[in-house]
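Letter by letter, the chains look like this.
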Amino acid sequence: MTSFKFQCLLKLCLVLLLCFFNTINATEVSHDGRAITIDGQRRIIISGSIHYPRSTAEMWPDLIRKAKEGGVDAIETYVFWNAHEPLPRKYDFSGNLDLIRFIKTIQSEGLYAVLRIGPYVCAEWNYGGLPVWLHNMPGIELRTANTVFMNEMQNFTTKIVNMVKEENLFAAQGGPIILAQIENEYGNVISSYGAAGKAYIDWCANMANSLDIGVPWIMCQQPDAPQPMINTCNGWYCDNFTPNNPNSPKMWTENWTGWFKNWGGLDPKRTAEDVAFAVARFFQSGGTFQNYYMYHGGTNFGRTAGGPYITTSYDYDAPLDEYGNLNQPKYGHLKELHDVLHSMENILTHGNITNINFGNSVSGTIYATTNGQSCFFVNANTTTDADIVYEGNHYNIPAWSVSILRNCKQEIYNTAKVNTESWVMKKQCNEAESEPEALKWVWRPELIDDLALRGTGRVSAKKLIDQKVANDVSDYLWYMTNFYLTKNDPVWSDDMSLIVNATGQVLHVYVNGEYLSDQSATYGVFNYVFEKKIKLNPGPNKIILLSATIGLQNYGPKFDLIQTGVPGPVQIIGKKGDETIIKDLSTKKWYYKVGLDGFDNKFFSGNTSEWRVDDLPISQKMIWYKTTFKAPLGNEPVSLDLEGLGKGVAWVNGNNIGRYWPSYIAQETGCSNEACDYRGPYNNTKCVTNCGKPTQKWYHVPRSFLVNGENELVLFEEYGGNPMSVNFQTVRVGRTCGNAYENKTMEISCQNRSISSIRFASFGDVKGSCGSFRKGSCQAKNDVISVIQKECVGKEVCSIEANEGVFGLTNCDHGVRKRLVVEAVCA
């Protein structure tokens, strides 16, 4: 029997061990006007947004590891309420929705986490991340001082906080989460809600603070954020942002690395130089925390894309592309900047600050401590380089750039001087063994005939209803009505038309069992009018409307009240000479059916019966196609080419890879054949590409969706297309273009494959950009291509110094910025 004294000692040891364990694991996070303090150390934090549902769980470790290697300290993510609570109190945290697993993966890589609970998130996500069942609750008003909404919001927010607490994932518990966010960009819309909006945001702050998470709460784009909330900035540039409390650190929650893409829109690109310029200016002006939105954009799988009209791809021109590859040179150029900023962390958070105005939009900021100083020199001119003198030394600062100088003497980084290779990605045909050149297809129709003949559904109402009433369980809602017409009816004539006022993004119309026509809206247009001439029968008639959404509205004041579907009126118009007669069908009895037969019967999930092998139909609406294929060899990302199809949805082995719409051609104008000029303020219409081409023809198929042996692809073709050209390809680096300014090291690589040949190489004032380089007015006397071929061909990675000692003297005038440029082909 253990003695009482020994028991006491044992308990004392256990208590001491427990206290010691808590002491070494808990992380104290605080802040002041200069920095975020973590365990007593003032830090500047560089973060990157990775939204867990937009990639697969199998991709998370690689994405997070690459972010860490890119110099990122933290991963920021939203929490998606509609994904986690699709029905009231029915929760889903499985698979790609495993939030706890995602945070623990961040922790395993030694990074911090920022949890943007919201739970409204925007994010170009369906309905802004709010579950649509909220819309249908009696007495509710969203995002305002409304008891019904606030109770639901508090319930979900509390659930997320408690889940995280149970796993000890807040920093105060020893976990990685150092910041949390409540609400999102409410300051942009608060004026639309009046006094109730201010009351709501105060309630949000109090509710969040009561949850006692042990780390600071933030509110982005909220100039009047109540204390102790920290208000933060979102945008292209946040150097001029000032928090509403002098004791709050200057924080940038969304530095937009690119922009989202909409159906019919162009591909937005933001240069590495401009992103770096924005980041350097932010930290020059006292920034503490900066997050890239997005660092990895990913894919809008399933029906998650919002907007409406947001594409399935959410690449965002991020440092890690949709497939998880490095987006070079953006990734590498920012990594170099991160390394420089981290080397200056102590002086940035403790140094005395002096600002200098050199005139003509050129300025400097000096951070100084007793141990040294560092300088930022910024030239905000959009066309003119600047020559300045500081402490007797001359410096040339390119237009629209920031130079960072160690000890205010040696330039160690300039945002306009990219010393990182550029990768040109290419698609490679499926090289799976024994894979036929063309896929073999079977097919079956969507069963519409029976529905059209009956013209009835399970639910009816003497009015037209908003499509959101169906809780957004499908893109599709049928509206059906029957009416009797005689030749004596005032509307009867030889010239009758059907007019439908619609707000769903696509409308298909059937009259008496026959397909009449379809019409679609365009991005940013919420209302349109369908009008077609029709022939009706004396006696009974049926009008059937199929409304299809392409994501619900996700942003704007009272976005939840924007109608979706067929709000009406629905009218028959009869013309007799100059006389026009209107017969309004809007208040007749309408029947409703949600979804399609193929969805209800899961044609996309291993259903093997009733597929036809003969007479493959093409260019027909409402057709299901199915084929089998073998996974491409290797481990490179896989992309599905759907050009030739119209509009629909695709599944691989039952996994919904998203909506497709390759027949939607991007606008014809706005692109330029010239290289993008990084100089000057950026917006999402600058530096766009893809004019006149399919908005999106390539669709990401994660490797984790594939199996060894036979895989299955199922397509639901809504508009009509030809599946015969559909194929799978892999994504790899096709060419790499090295770039290094004088006295820097140029490095090129082919992502684990060898460099097969050199297309171009020059050292001097090289002109053009990757794919269109040309020699300038001066160059090195040695044969640069020969030197590079000898050094690089046959290797996976090669590096070489860009200087005259390697390539010989140049005939360049003094002051010319010389650079080494190489374009290499990958095996």
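None of these values were measured; they are calculated from a predicted model.

Regarding the pattern of salt bridges
Enumeration over the complete set of coordinates arrives at 41 salt bridges. Here R817 and D385 are joined by a salt bridge, their closest N and O atoms 3.2 Å apart. Separated by 432 residues along the polypeptide, R817 in the loop between helix 13 (804-807) and strand 43 (819-826) and D385 in the loop between strand 15 (372-379) and strand 16 (386-390) bring together distant segments of the chain. A residue is classified by how much of its surface remains accessible, and D385, at 36% relative accessible area, is partly exposed. Close ionic contact of E718 with K647 constitutes a salt bridge, the shortest N to O distance being 2.7 Å. Of this pair, E718 sits in the loop between strand 38 (710-717) and strand 39 (727-741) while K647 sits in the loop between strand 33 (638-641) and strand 34 (648-652), and the two are 71 residues apart along the sequence. Across the pair, K647 and E718 agree in class, each one buried.

A few points about the environment of N247
Assignment of secondary structure puts N247 in the loop between strand 9 (230-235) and strand 10 (250-256). Remark: the alpha-carbon pair of N247 and D495, spanning 248 residues in sequence, is separated by 72 Å. Look past the residues within four positions of N247 in its chain and what remains in contact with it is H31, D32 and G33.

Regarding helix 5 (residues 147-166)
Here helix 5 spans 28 Å end to end across 20 residues, near enough to the 28 Å set by a 1.5 Å rise per residue. Regarding helix 5, the residues found buried are F149, M150, E152, M153, F156, T157, I160, V161, M163 and V164. Within helix 5, the buried residues cover an arc of 165° as seen down the axis, which keeps them to one side. Residues T147 and E166 are exposed on helix 5 and point more than 90 degrees away from its buried face. Packed against the buried residues of helix 5 are helix 3 (81-84), helix 4 (99-108), strand 6 (112-118), strand 7 (177-182), helix 6 (194-210) and strand 8 (217-220). The opening residue of helix 5 is N146, an N-cap whose side-chain oxygen sits 3.2 Å from the backbone nitrogen of V148. Looking one or two residues past helix 5, N168 carries a phi angle of roughly 55°, positive in sign.

Things to note about the UniProt feature "domain: SUEL-type lectin" (unreviewed entry) in the chain
Those residues carrying the UniProt feature "domain: SUEL-type lectin" (unreviewed entry) are residues 740-827 in this numbering. Annotation note: span residues 740-827, helix share 15%, strand share 34%, distance between end C-alpha atoms 23 Å.

Examining the sheet that holds strand 30 (residues 579-584)
Pairing in this open sheet of 4 strands is antiparallel, and the strands run 27-24-29-30 from one edge to the other. Edge strands, defined here as strands with exactly one partner in the open sheet, are strand 27 (528-534) and strand 30. In this sheet, neighbouring strand axes are inclined to one another by 25° on average, regardless of whether the strands run parallel or antiparallel. Strand direction decides the pairing type here: strand 29 (residues 570-576) and strand 30, joined by 6 bridges, are antiparallel. Looking at strand 30, one finds that G574 is bridged to I581.

What about the sheet that holds strand 32 (residues 623-630)?
With antiparallel pairing, the 5 strands of this open sheet are ordered in space as 21-32-38-34-35. Of all the strands in the sheet, just strand 21 (441-445) and strand 35 (655-660) have a single pairing partner and so form its edges. Looking at each pair of strands side by side, their axes are set apart by 20° on average, direction ignored. One ladder, built from 5 bridges, connects strand 34 with strand 35; its direction is antiparallel. From the neighbouring strand, A650 faces strand 35, where its bridge partner is G658.

Details of the pairing of strand 38
When you tally the buried positions in strand 38, you get 7 out of 8 residues, the bulk of the element. Where strand 34 meets strand 38, 5 bridges bridge the pair, whose relative direction is antiparallel. The residue of strand 38 that forms the bridge with V652 is L713.

Structural notes on the side chain of H296
Assignment of secondary structure puts H296 in strand 12 (residues 287-296). A distance of 3.0 Å separates a polar atom in the side chain of H296 from the backbone oxygen of D321. What H296 contacts, discounting residues up to four positions off in sequence, is S49, I50, H51, R54, S55, M59, L63, A318, L320, D321, E322 and G324.

Notes on the packing of aromatic side chains
Across all of its chains, the model carries 57 aromatic pairs by this definition. Aromatic pair Y200 and W203: ring centres 6.2 Å apart, planes at 20°, arrangement stacked. Here Y200 pairs with W203, and both are found in helix 6, just 3 residues apart, close to one helical turn. As far as the burial class goes, Y200 and W203 line up, both buried.

Observations regarding the pairing of strand 39
Here strand 39 lies mainly inside the structure; 14 of its 15 residues are buried. Here 8 bridges tie strand 20 (residues 422-429) to strand 39, and the two strands are oriented antiparallel to one another. Along strand 39, the bridge assignment pairs W423 with T736. Alignment of strand 33 against strand 39, held across 4 bridges, turns out to be antiparallel. Bridge assignment links D641 to a residue of strand 39, and that residue is N727. Here strand 39 pairs with strand 43 via 7 bridges, running antiparallel. From the neighbouring strand, Y741 faces strand 43, where its bridge partner is R819.

What to know about unusual backbone geometry
That bond from G118 to P119 is cis: its omega, 0°, falls within 30 degrees of zero. With respect to the element layout, P119 can be found in the loop between strand 6 and helix 5. Following Q328, the chain continues to P329 via a peptide bond in cis, the omega torsion being 20°. Assignment of secondary structure puts P329 in the loop between strand 12 and helix 8 (330-343). In the Ramachandran plot, E185 falls in the positive-phi region, its phi being about 50° despite a non-glycine side chain. Here E185 shows up in the loop between strand 7 and helix 6.

Some remarks on empty space enclosed by the protein
With the rule as written, the count across this model stands at 5 cavities of 30 Å³ or more. A volume near 90 Å³ is recorded for the largest cavity. Taken together, 13 residues form the lining of the largest cavity, with L552, Q553, I562, Q563 and T564 sitting closest to its centre. For the lining of the largest cavity, the class distribution of residues is 6 nonpolar, 6 polar and 1 charged.

As for helix 7 (residues 272-284)
Along an α-helix, residues three or four positions apart point the same way, because every turn accommodates 3.6 residues. Look at helix 7: 18 Å from first C-alpha to last across 13 residues, which is about the 18 Å you get at 1.5 Å a residue. The element helix 7 is largely enclosed, with a buried count of 12 among its 13 residues. Positive phi shows up at G286, right after helix 7, with a value of about 95°.

Focus: the packing of helix 2 (residues 60-69) against helix 4
Viewed as axis vectors pointing N to C, helix 2 and helix 4 meet at an angle of 40°, and their least axial separation amounts to 10 Å. Overall, the two elements helix 2 and helix 4 adopt an arrangement that is oblique. The two elements helix 2 and helix 4 cross, and the hand of that crossing is right-handed. Of the residues in helix 4, those touching helix 2 at W60, P61 and I64 are R101, F102, T105 and I106. Class assignment of the residues belonging to the contact of helix 2 with helix 4 gives a composition of 5 nonpolar, 1 polar and 1 charged.

Cut-offs and rules
- Residues numbered from 1 in each chain as written.
- Predicted model: local features only at pLDDT ≥ 70, side-chain atom pairs only at ≥ 80, totals over all residues.
- Heavy atoms only, no water.
- Salt bridge = Lys/Arg side-chain N within 4 Å of Asp/Glu carboxyl O.
- Helix = DSSP H or I, 4+ residues; strand = E, 2+ residues; numbered from the N terminus.
- Buried < 20%, exposed > 50% of the residue type's maximum accessible area, 1.4 Å probe, protein only.
- Contact = heavy atoms within 4.5 Å.
- Expected span 1.5 Å × (residues − 1).
- Arc of directions from axis to C-beta.
- Polar contact = N/O pair within 3.5 Å; in protein donor to acceptor, adjacent residues only side chain to side chain.
- UniProt positions renumbered as here; feature names shortened; annotations may be inferred.
- Pairing = 2+ DSSP bridges.
- Axes fitted to C-alpha atoms, helices over the stretch in contact; angles between N-to-C directions.
- Phe/Tyr/Trp six-rings, centres within 6.5 Å; stacked < 30°, edge-to-face > 60°.
- 1 Å grid on protein atoms, 1.4 Å probe; cavity = no way out; pocket = protein on both sides within 12 Å on 5 of 7 lines; lining within 4 Å.
- Points joined across faces, edges and corners; volume = space filled by probe spheres on them.
- Nonpolar A, V, L, I, M, F, W, Y, C, P; charged D, E, K, R; others polar.
- Parallel < 35°, antiparallel > 145°, perpendicular 65-115°, else oblique.
- Left-handed = near helix turned anticlockwise from the far one by under 90°.

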